[in-house]
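Each chain is listed here by its residues.
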Amino acid sequence: MEKYAPHEIEKKWQQKWAEEDACRTEMDPKKEKYYVLEMFPYPSGNLHMGHVRNYSIGDVLARYKRMAGYNVIHPMGFDAFGMPAENAAISHGVRPADWTYSNIENMTRQQKEMGLSYDWDREVETCRPDYYRWTQWLFELFYKRGLAYKKEASVNWCDTCGTVLANEQVIEGRCWRCDSEVHKKQLSQWFLKITDYADELLKDLALLPGWPERVKIMQDNWIGRSEGLEFSLDVPALGEKIPVYTTRPDTAFGVTFLALAAEHPLVAKICENNPKADEIKAFCEKARNQSEMERTSSESEKEGIFTGLSCVNPFNGKEVQIWVTNYVLAEYGTGAVMGVPASDQRDWMFATKYGIPKILTIQPPGRTLSLDEMTEAYVEKEGSLINSGRFDGMEMHDAIKAIIDEAEAKGFGKRRVNYRLRDWLISRQRYWGAPIPIIHCEKCGPVLVPEEDLPVKLPENVKFEQGAVSPLAQCEDFVRCTCPKCGGPAHRETDTMDTFICSSWYYLRYTDAHNDQAPFDKDKANYWAPVDQYIGGIEHAILHLLYSRFFTKVLRDAGLVNFDEPFTNLLTQGMVIKDGGKMSKSKGNVVSPEEIIAKYGADTARLFILFAAPPERDLEWSDQGVEGAFRFLARVWRIVLPFAEIVKAAADHYDVSALTKEEKELRRILHVTIAKVTEDIEQRFTFNTAISAVMELVNAFYPFQDKEGVNPGLVREVVLSLVKLLAPFAPHITEELWSHVGEGSVHAQPWPGYDEAAMAQDEVEIVLQINGKVRDRITVPAGLDKQAAEKAALGQPRVQQYTDGKTIVKVIAVPDKLVNIVVK
RNA sequence: GCCGAAGUGGCGGAAUUGGCAGACGCACUUGACUCAAAAUCAAGCGGUUUAACCACCGUGCCGGUUCGAGUCCGGCCUUCGGCACCA
């Protein structure tokens with residue numbers, strides 16, 4: 001017998017599969033489909049262990065589902081636009097396209113070396129004109145539906161990347177990609193109106209029982225729905241009204257000031273003819289220059305300036321001072337807030353600092369607060385109203401309703417729902433992205449590039465320089481054009497789209513990757529999509545996973561797809577860590593997949609990574625664990641091959657009743673294993689326990705290699721099942737072994753079924769407990785009833801020893817498990 | 001501050017419905033094979049105690065429910081992750 005030599009085997013079968021197009025799938029409405037998708041990678045140049053883990057999990061599912069009889073689509077592609085390509089252009093002078101395509105080539109080679117069962121014919125690369133043509137087409141669709149607009153706004157700007165960022169891409173005030181501090185800039189930018197779908201995006205989380213709870217909670221928090229009252233306060237001196245939003249209308253009688261955001265539009269008018277105008281303007285300027293971190297940290301100082309003006313609280317007619325502050329957010333609600341120091345901690349701190357009065361309007365149940373003794377605001381949502389005129393004594397939740405009703409009845413306010421979610425800022429002042437297909441005409445304003453002129457291709461004659469403005473804006477040939485509407489001189493939009501747009505619809509393009517008439521054919525998309533099982537990192541919990549949901553809903557409303565949600569089930573895999581931390585170049589703890597595959601082969605790499613931890617948890621890399629996985633595969637090799645002749649000669653059907661006791665036990669273990677592996681893959685995704693079950697089967701089978709005259713029918717059953725059970729995890733070695741024992745490809749075999757009857761035991765060991773402590777074990781016939789088990793237990797000498805001279809209070813018997821005797 | 005997840009041998013982990021804690025693997029120890037080593041095969045492997053059996057202790061901590069708790073309930077502690085002036 002030859003030794004297990006993974007490299008020859010793997011290369012051989014990878015070639016064969018490629019030649020035979022083994023993973024190619026076609027739409028077939030008669031067959032039930034299954035869509036397995038792993039998040040497509042950014043072409044950084046090399047696969048890392050996180051990719052290996054992601055793809056190994058997906059490949060097990062894809063291969064299993066194929067064997068289970070589904071028409072499986074399992075595609076791969078590249079999320080190929082983005083900053084690093086442009087940075088390479090700046091620092092190394094390579095063209096972003098060349099850099100990207102050579103990385104894709106290398107990573108594709110690495111993916112192929114892993115033996116992943118992708119239908120490469122469906123591959124998409126988002127930076128190719130035949131893909132971004134349709135990204136642009138979809139932008140136009142959004143535009144026509146009123147979901148894309150350009151507006152001047154205070155936006156997040158990253159100096160290092162030289163571009164604006166979406167809210168979702170700012171993490172603790174820093175850029176998600178380069179970690180440099182983000183600051184606000186007033187710019188005119190393109191947005192997608194995701195807020196139009198805020199309510200549905202929130203509500204439909206309920207349609208996703210197959211998503212991890214924490215991802216749904218994160219999206220829920222991010223959307224941040226709140227219900228409350230919007231009402232206006234008159235400013236008699238200006239003849240204006242200031243609308244405010246509050247979730248605590250019950251505290252409306254406690255308002256002692258009105259707080260405006262420094263960016264509030266009314267600030268300019270307040271400054272007209274105002275003796276404090278210079279001071280106010282200086283304050284606003286200072287607030288605007290504070291970093292995101294300084295302004296949004298809850299610990300930072302609340303500052304403000306009195307405008308000298310007042311407005312009127314419509315609920316009680318009282319005058320309240322108008323202040324401009326640094327802690328009210330311009331973008332949320334109305335950019336103005338009613339200040340209630342007694343019921344809001346921020347307002348409390350602000351009022352204390354500036355000597356603004358406080359009025360207590362809520363008393364908690366069971367105790368009496370007084371302002372003199374309070375050191376902080378009472379913010380609990382419990383209690384009843386005081387100092388609130390006609391609402392005094394009312395329970396606060398009832399008061400919320402009553403007060404909103406009154407505001408609506410009197411016409412100065414209305415019920416309102418607010419979201420934390422903001423519209424998606426999609427403009428990027430960068431080159432390597434899909435150009436926004438808009439032409440700016442002096443006469444006609446912004447005009448869509450006609451559909452037949454798409455794609456708006458990226459020009460190639462551009463310069464890349466550190467710190468320069470977008471290369472596209474400097475490219476005269478690109479910028480200058482004529483208006484499609486009036487034919488007059490015009491200029492192109494030079495911003496490109498956020499790459500998250502490209503990745504918001506790629507899973508649909510896979511269903512019809514070569515279509516040059518439409519982004520995808522409706523029937524094909526509706527057959528294959530939604531994705532049945534999506535697998536990827538938790539880092540996309542909000543970003544990509546929220547954007548894709550938004551896209552899907554818009555496409556549904558446009559009649560392009562007939563489902564509400566893109567990803568029916570989601571599995572968020574844990575990180576691969578080593579020495580307690582995430583693998584990273586800076587920590588120097590990186591293990592390269594290429595090295596591992598070169599040393600042990602892809603099957604070992606896959607098996608280790610699937611065995612070391614359940615998919616959702618972080619996985620600690622262990623070089624010795626990899627050795628163990630390799631040893632196991634070699635063990636399988638050694639147990640299967642010597643039986644090849646027997647297996648080939650034996651018949652499929654054999655007389656089970658003729659098996660010896662040991663043989664029968666082996667067959668029992670086999671069927672238990674099949675059931676266990678099937679359940680673990682199908683329902684729990686616990687590949688670690690599935691693999692351990694196969695190891696136990698191999699351990700049970702091992703002694704049989706030395707035995708004479710083992711039943712050939714049983715040997716055949718065990719060997720063929722074993723190879724099939726392991727096939728999704730280690731596709732190459734199993735294919736090689738299959739070529740010695742079976743016909744065709746193992747991956748085209750039906751998944752083995754199990755026989756409940758074979759799983760049954762004749763005898764079982766039960767535990768005998770005295771007061772819950774295990775004192776003995778006995779073997780009894782399976783299915784022995786309670787009385788008989790009890791009797792057998794009480795007859796045991798060890799049991800008698802413990803019960804002797806004591807009173808038996810109670811006996812609990814659980815058939816096939818235990819007998820517990822309670823004594824006193 | 002709010003929300004969430006987790007805490008089990010030397011290590012990764014298992015115990016799916018409240019019923020034998022530690023499956024499987026790694027590491028380690030011993031034996032076989034070998035001139036020797038590696039590989040392989042066989043056996044052992046939570047702690048205290050013991051020649052051995054036995055016994056006692058043991059799933060972050062304190063308490064509760066139960067014949068029986070890693071699992072359920074109440075109260076903490078620690079670690080990690082997310083959100084964080086959203087009115």
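To be clear, the structure that these remarks concern was listed above.
On a predicted model such as this, the values are computed, not experimentally measured, just so you know.

*Asks:* Let's hear about the overall build of chain A: which residues, and what values?
*Replies:* Across its full length, chain A holds 28 helices and 34 strands. Its C-alpha atoms give chain A principal-axis dimensions of about 105 × 85 × 50 Å. Of all 824 residues assigned to chain A, the portion counted as buried reaches 56%. Excluding contacts between residues fewer than 6 apart, the proportion of contacts in chain A whose partners are at least 24 apart in sequence is 73%. Accessible area of chain A: about 36700 Å², with a carbon and sulfur share of 49%. Here chain A holds 98 positive side-chain charges and 120 negative ones, and the gap between their average locations is 2 Å.

*Asks:* Lay out the sheet that holds strand 1 (residues 33–38) in plain terms, naming residues and giving numbers.
*Replies:* As summarised here, the arrangement of the four strands in space is 2-1-26-27, forming an open sheet in which the pairing is parallel. Only two strands of the sheet have a single neighbouring strand rather than two, namely strand 2 (71–73) and strand 27 (567–573). For this sheet, the mean angle separating the axes of adjacent strands, direction not counted, is 20°. Here three bridges tie strand 1 to strand 2, and the two strands are oriented parallel to one another. Bridging across to strand 2, Lys33 finds its partner in Asn71. Contacts from helix 2 (residues 49–67) reach strand 1, strand 2, strand 26 (531–537) and strand 27 within the one sheet, and its direction differs from that of strand 1 by about 170°.

*Asks:* Which residues make up the packing of helix 19 (residues 602–611) against helix 25 (residues 731–741), and what values go with them?
*Replies:* Packed helix pairs are specified by the crossing angle of their axes together with the interaxial distance, meaning the distance between the axes. The N-to-C vectors of helix 19 and helix 25 enclose an angle of 120°; their axes lie 7 Å apart at closest approach. In terms of orientation, helix 19 and helix 25 fall into the oblique class. For the pair helix 19 and helix 25, contact is made by Ala602, Asp603 and Arg606 and by Pro731, His732 and Ile733, respectively. Here the residues of the contact of helix 19 with helix 25 are counted per class, giving three nonpolar, one polar and two charged.

*Asks:* Explain the sheet that holds strand 22 (residues 445–448) residue by residue, including any values.
*Replies:* Pairing within the open sheet is antiparallel, and its four strands lie in the order 22-21-24-23. Single-partner strands in this sheet number two, and they are strand 22 and strand 23 (480–482). Averaged over all adjacent pairs, the angle separating strand axes in this sheet is 40°, with direction ignored. Where strand 23 lies against strand 24 (residues 489–492), three bridges are found, and the strand directions are antiparallel.

*Asks:* So what about the environment of Asn569? Which residues, and what values?
*Replies:* Its place among the elements puts Asn569 in strand 27. If we ignore the near neighbours within four places in the chain, the residues touching Asn569 are Gly210, Trp211, Val531, Asp532, Gln533 and Tyr534. Within polar-contact distance, the side chain of Asn569 engages the backbone oxygen of Asp532 at 2.9 Å.

*Asks:* Give a description of the packing of aromatic side chains that names residues and reports values.
*Replies:* Evaluation of the coordinates by the stated rule reveals 48 aromatic pairs. Relative to Phe191, the ring of Tyr149 lies with its centre 5.6 Å away and its plane at 15°, an arrangement referred to as stacked. You can see Tyr149 sitting in strand 5 (residues 148–158) and its partner Phe191 sitting in strand 9 (residues 182–192), a full 42 residues away along the chain. These aromatic residues form a ring-pair network of at least three members: Phe142, Trp176, Tyr197, Trp424, Phe500, Tyr547, Phe550 and Phe551. The cationic tip of Arg416 hangs over the ring face of Tyr245; the distance from NZ or CZ to the ring centre is 5.9 Å. Seen from the ring of Phe704, Lys707 lies directly overhead, with NZ or CZ sitting 4.3 Å from the centre.

*Asks:* Tell me about the nonpolar core, and please be specific about residues and values.
*Replies:* Among the nonpolar cores identified, the biggest contains 191 residues, and Trp424, Tyr506, Phe550, Trp621 and Phe729 are the most heavily contacted of them. Top contributing element to this core by residue count: helix 23 (residues 687–701), with ten residues. Not counting chain neighbours up to four residues away, the residues in contact with Trp424 comprise Ala166, Trp190, Phe191, Leu192, Ile194, Asp498, Phe500, Ile501, Ser504, Tyr547, Phe550 and Phe551. Val255, Met338, Ala342 and Ala407 belong to the second-largest nonpolar core, a separate cluster that totals 49 residues.

*Asks:* Run through helix 18 (residues 593–600), naming residues and quoting values.
*Replies:* Taken as a whole, helix 18 has its buried residues at Pro593, Ile596, Ile597 and Tyr600. The arc that holds every buried residue of helix 18, seen down its axis, measures 95°, which confines them to one face. Exposed side of helix 18, more than 90 degrees from the buried face: Glu595, Ala598 and Lys599 are the residues found there. If you follow the buried residues of helix 18, they end up packed against helix 1 (6–20), helix 2, helix 4 (96–113), helix 19 and helix 20 (623–640).

*Asks:* Describe in detail unusual backbone geometry, supporting the description with residues and values.
*Replies:* At the junction of Leu454 and Pro455, the peptide bond is cis and its omega measures out at 0° in the coordinates. Its location among the elements puts Pro455 in the loop between strand 22 and helix 13 (476–479). Between Ala529 and the following residue, Pro530, the backbone shows a cis peptide bond with an omega angle of 0°. Turning to its location among the elements, Pro530 is positioned in the loop between helix 16 (522–528) and strand 26. Unlike most non-glycine residues, Asp21 shows phi in positive territory, near 55°. Among the structural elements, Asp21 can be located in the loop between helix 1 and strand 1. Its identity as a non-glycine residue notwithstanding, Asn771 has a phi of 50°, on the positive side. With respect to the helices and strands, the residue Asn771 is situated in the loop between strand 31 (763–770) and strand 32 (773–781).

*Asks:* Outline the pattern of salt bridges, listing residues and values.
*Replies:* Overall, the coordinates contain 50 salt bridges when judged by the stated rule. For Glu230, the salt bridge identified is with Arg416, shortest N-O distance 2.2 Å. You can see Glu230 sitting in strand 10 (residues 225–235) and its partner Arg416 sitting in strand 18 (residues 413–419), a full 186 residues away along the chain. Residue classification places Arg416 among the partly exposed positions, given a relative accessible area of 26%.

*Asks:* Outline the packing of helix 2 against helix 22 (residues 661–684), supporting the account with residue identities and numerical values.
*Replies:* Closest axis-to-axis distance for the helix 2/helix 22 pair is 11 Å, and the angle between their directions is 120°. Once helix 2 is placed against helix 22, the crossing between them reads as left-handed. On the side of helix 2, the interface is formed by Val60, Leu61, Tyr64 and Lys65, while helix 22 contributes Thr678, Ile681 and Glu682. Residues that form the contact of helix 2 with helix 22 fall into these classes: four nonpolar, one polar and two charged.

*Asks:* A description of a negative patch on the surface should follow, citing residues and the corresponding values.
*Replies:* A grouping of Glu380, Glu382, Glu395 and Asp398 is seen on the molecular surface, where their side chains present a negatively charged patch. Given the relative accessible area of 46%, Glu382 is considered partly exposed.

*Asks:* Describe the side chain of Ser470, with residues and values.
*Replies:* One can find Ser470 in the loop between strand 22 and helix 13. Each residue touching Ser470, except ones within four places of it in the same chain, is listed here: Gln429, Arg430, Tyr431 and Thr494.

*Asks:* Can you tell me about the environment of Trp528, naming the residues and giving the values?
*Replies:* Of note, Trp528 is situated in helix 16. Along the chain, Trp528 and Glu123 lie 405 residues apart, while their C-alpha atoms are 15 Å from each other. In this structure Trp528 touches Thr25, Glu26, Met27, Lys33, Tyr35, Asn71, Val72, Ile73, Arg122 and Thr511, once residues within four positions along its chain are discounted.

*Asks:* Got a sec to walk through the pairing of strand 27? Specific residues and values, please.
*Replies:* With five of its seven residues buried, strand 27 lies for the most part within the structure. As judged from the six bridges shared by strand 26 and strand 27, these two strands associate in the parallel manner. Bridging from a neighbouring strand, Tyr534 pairs with Leu570 of strand 27. Handedness of the crossover joining strand 26 and strand 27 through helix 17 (residues 543–557) is recorded here as right-handed.

The rules behind these values
Residues numbered from 1 in each chain as written. Chains lettered and ligands numbered in written order. Predicted model: local features only at pLDDT ≥ 70, side-chain atom pairs only at ≥ 80, totals over all residues. Heavy atoms only, no water. Helix = DSSP H or I, 4+ residues; strand = E, 2+ residues; numbered from the N terminus. Buried < 20%, exposed > 50% of the residue type's maximum accessible area, 1.4 Å probe, protein only. Contact = heavy atoms within 4.5 Å. Areas by Shrake-Rupley, 256 points an atom, 1.4 Å probe, with all protein chains shown as cover. Lys, Arg positive; Asp, Glu negative; His and termini not counted. Charge placed at Lys NZ, Arg CZ, Asp CG, Glu CD. Pairing = 2+ DSSP bridges. Axes fitted to C-alpha atoms, helices over the stretch in contact; angles between N-to-C directions. Parallel < 35°, antiparallel > 145°, perpendicular 65-115°, else oblique. Nonpolar A, V, L, I, M, F, W, Y, C, P; charged D, E, K, R; others polar. Polar contact = N/O pair within 3.5 Å; in protein donor to acceptor, adjacent residues only side chain to side chain. Phe/Tyr/Trp six-rings, centres within 6.5 Å; stacked < 30°, edge-to-face > 60°. Lys NZ or Arg CZ within 6 Å of the ring centre and 35° of its normal. Core = buried A, V, L, I, M, F, W, Y, C linked by side-chain atoms within 4.5 Å. Arc of directions from axis to C-beta. Salt bridge = Lys/Arg side-chain N within 4 Å of Asp/Glu carboxyl O. Left-handed = near helix turned anticlockwise from the far one by under 90°. Patch = residues over 30% accessible without salt bridge, like charges linked within 9 Å, V, L, I, M, F, W, Y side chains within 5 Å. Right-handed = clockwise from strand over helix to strand, strands pointing away.

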